[in-house]
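Here is how the chains run, residue by residue.
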Amino acid sequence: MARQKTHKIKMMEEQLAKKLNRQVVGSLVGCVHCGMCDESCHYVLAFPDDHKMTPSYKADQLRKLFKANHDWTGKTFPWWVGADKVPLTDDDLETLKDIAFGTCTNCRRCTLSCPMGVDTATLNRIMRGLLAHVGVMPEGVRVVSKDQWELGNQMGVLKEDYLDTLEWMSEELEEDLGHDEATIPVEKKGANVMYCINPREVKYDPRTIKEAALIFWAAGEDWTMPEEGWDNTNFGLFSGDDQLGGACAKREYEKARELGVDKIVISECGHGFRSTRFEGVNWAAETEPVPMETSVQTMLDYIKEGKIKVDPTKNPERMTFHDSCNNARSGGFFEEPRELLKLVSMDFQEMYPNRAENYCCTGGGGAMSMSEYTPRRLESAKIKADQIRATGAKVVVTSCHNCVDGLNDLIKHYKLDCEVKQLVNLVANALIIEEPEKIPDELKPGDLEVKKVAEKEPLAGRKILVVDDEEDVRAFLTMVFEDAGAEVETATDGDEALAKAREYQPDLISLDLSMPGKDGVEAFVELRSDPATEEIPVCVVTGHPEFRQVIYDRPVPPPEGYLGKPVDEDKLVAYAHHIVEHRKEKAN
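Each residue is numbered by its place in its chain's sequence as written, counting from 1. Whole-chain, interface and lining totals are the exception, using all residues; otherwise, since this is a predicted model, local features are given only for residues with pLDDT of at least 70 and side-chain atom pairs are given and counted only at 80 or more. Neither water nor hydrogens contribute to the side-chain values; these are computed over all heavy atoms in the structure.

Bringing the overall build of the protein chain into the picture now. Secondary structure follows DSSP: runs of H or I at least 4 residues long count as helices, runs of E at least 2 residues long count as strands, and numbering of each begins at the N terminus. Helix and strand content of the protein chain: 28 helices and 13 strands. The globule rule used here is 2.2 Å times the number of residues to the 0.38 power, and the radius of gyration it is set against is calculated over C-alpha atoms. The globule rule puts the C-alpha radius of gyration for 588 residues at 25 Å, and the 25 Å found for the protein chain is close to it. On the principal axes, the C-alpha backbone points of the protein chain span a range of 90 × 60 × 45 Å. The rule is simple: take the accessible area with a 1.4 Å probe, protein chains only, and divide by the maximum for that residue type; under 20% is buried, over 50% is exposed, in between is partly exposed. Residues classed as buried in the protein chain amount to 57% of the 588 residues present. Across the protein chain, every contact between residues at least 6 apart in sequence was considered, and the portion connecting residues at least 24 apart equals 78%. Surface accessibility in these figures is a Shrake-Rupley result with a 1.4 Å probe; residues are shielded only by whichever protein chains are displayed. Surface summary for the protein chain: the accessible area is close to 25200 Å², and the carbon and sulfur share equals 49%. In what follows, residue pairs with any heavy atoms lying within 4.5 Å of each other are defined as contacts.

Moving on to the sheet that holds strand 3 (residues 263–266). Think of a sheet as strands paired side by side through backbone hydrogen bonds, with each pair either parallel or antiparallel. The strand order across the open sheet formed by four strands is 2-1-3-4, and the pairing between neighbours is parallel. Each edge of the open sheet is held by one strand with a lone partner, namely strand 2 (223–224) and strand 4 (292–294). Two strands pair under a simple rule: DSSP has to find at least two bridges between them. In terms of strand pairing, strand 3 meets strand 4 through three bridges, oriented parallel. Residue Ile-264 lies in a different strand from strand 4, and its bridge partner there is Met-292. As a rule, the C-alpha atoms of each element are fitted with a line to give its axis, helices using only the stretch in contact, and angles between N-to-C directions run from 0 to 180 degrees. Of the strands in this sheet, strand 1 (193–196), strand 2, strand 3 and strand 4 are in contact with helix 15 (residues 242–259), which crosses strand 1 at around 150 degrees.

Attention now moves to a negative patch on the surface. Exposure above 30% relative accessible area and no salt bridge define the residues that can form patches, which grow by joining like charges within 9 Å and nonpolar side chains of Val, Leu, Ile, Met, Phe, Trp and Tyr within 5 Å. Criterion for a salt bridge: a side-chain nitrogen of Lys or Arg within 4 Å of a carboxyl oxygen of Asp or Glu. Only four residue types enter the charge count: Lys and Arg as positive, Asp and Glu as negative, with His and the chain ends excluded. Charged side chains are reduced to one point each, which is NZ for Lys, CZ for Arg, CG for Asp and CD for Glu. Taken together, the side chains of Glu-482, Asp-483, Asp-568, Glu-569 and Asp-570 define an acidic patch exposed on the protein surface. Among the elements of the structure, helix 24 (471–483) and helix 28 (569–587) are those that each provide at least two residues to the negative patch. The residue Asp-570 is located in helix 28 in this model. Residue class for Asp-570 comes out exposed when judged on its relative accessible area of 61%.

The set of buried Ala, Val, Leu, Ile, Met, Phe, Trp, Tyr and Cys residues whose side-chain atoms join them within 4.5 Å is what this entry labels a nonpolar core. In terms of nonpolar packing, the biggest core is built from 102 residues, with Ile-215, Met-225, Ile-264, Leu-340, Phe-481 and Ile-509 touching the most fellow members. In terms of residue count, the dominant contributor to this core is helix 13 (residues 207–219) (seven residues). Ignoring any residue separated from it by four or fewer positions in sequence, one finds Ile-215 in contact with Met-299, Tyr-302, Ile-308, Val-424, Val-427, Ala-428 and Leu-431. Ranked by size, the runner-up nonpolar core spans 34 residues in total, among them Leu-88, Leu-96, Phe-101 and Leu-237.

What follows is the structure, encoded as structure tokens:
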């Protein structure tokens, strides 16, 4: 008995007709299956005996649908062109989901190898879009897309949390410089620059916001950050949803016009740069877009124009540069980051291959939000690990937050002796600050004592539960928190953590994820689901990429913080202090 097409398949076929244009049809009919693209794909290199990893096989899944519905060859001899093997059932769609989302990061490296100019990444993005159109997608992609539609950013950051983080970083910057004008302006009309960021910076790496603010201040820039439309990322690029892509881009463009700024500066984010600067203009049908540039260009111009001075000896380690696929292959942005890196560091070692030929970090294409594919992703990262290891570099520099996470994962997985930094970290560290420290006109009695106590014991009076199965890690975290004035309890697994959280009612839980018995992910969901513990803030402290299951695939609100191991002592205390103080303010 012949199988019948499901309603979802029919909807996908109708949607495909709307996606066809000259570029897409050219790629659908142009492939001659010569195999030239195979070895350009990091998935093929990791799984050489699996023909399902080849770019042509992945693109053929869409090609079959096209042949069956829009091409004469599919109607004349369907058995020859695969038009008789189109997906028919919802189970077939699950298989397509695994191919489109789990075996391709849309890095576009295969396109460079194709003598026919077939753009497989574009075809894969269309397949993702067709699947998303009928509700078939990984849970992480569904959650992130929902957050970006409803909250305006892909990590579900609430407006008050975003503004609170800006205020936090602004206060730290002012304190660091001793200058009351060194602040982060918000919603300033008529500024020269509107600075837009990746929500990961708010959620997990706010130091990059402070470093960018430091650079703007040192350059004397007239800048602002917006209250809305601040997320430069765009999950529509990954999910294939052009409507979401247009809505995200439009938020930024309209906010820039409302504030009357001269240009948008996009923080270091590969897909943020591509989707805001190029793709978003088309999705949002912009006819006169606001001028836009990446912050890498902005920082480079500041140095060239003499607006800031840098001392490269402050960054003496051997460094190499990883090209983000979206910045480099899709954006043509090769030389500027290298020029900037050489100006602010002492020892640069090129990675081979590089620029457009560079391999993907394996975290692109939304891969970081799909934890079910993490083992396959890390296996495919071997070629990238080999590239990095060959440089002997102690620091891998990149201009993309996705790449930061992807590279950190593979560095841990393949035990490489190096760390990941962005150019904003290096420029801020190399800055020569000539502004003299401002001396307060008058000190009130007790000011010095209060400041001294606060710096010495920022967690005084706080109760913290440290959950980790490794004894040396528990001892280290306990020592750091106790030195900061906190009272500390410990637990070695998820069950003990739940029991002590209910009994102890800590102000903060430091939670490892990979533990024997009930692991940290299970414990976290139970903590969030229990009325007795649901309000206790949680900071995930882990060395494993599984933490993203908590961030993205969550049935409950996400954790308040995340830190990767090994833990920086000062950063740990600063995060813990911010989380408990923020909770106190919200409670009041």
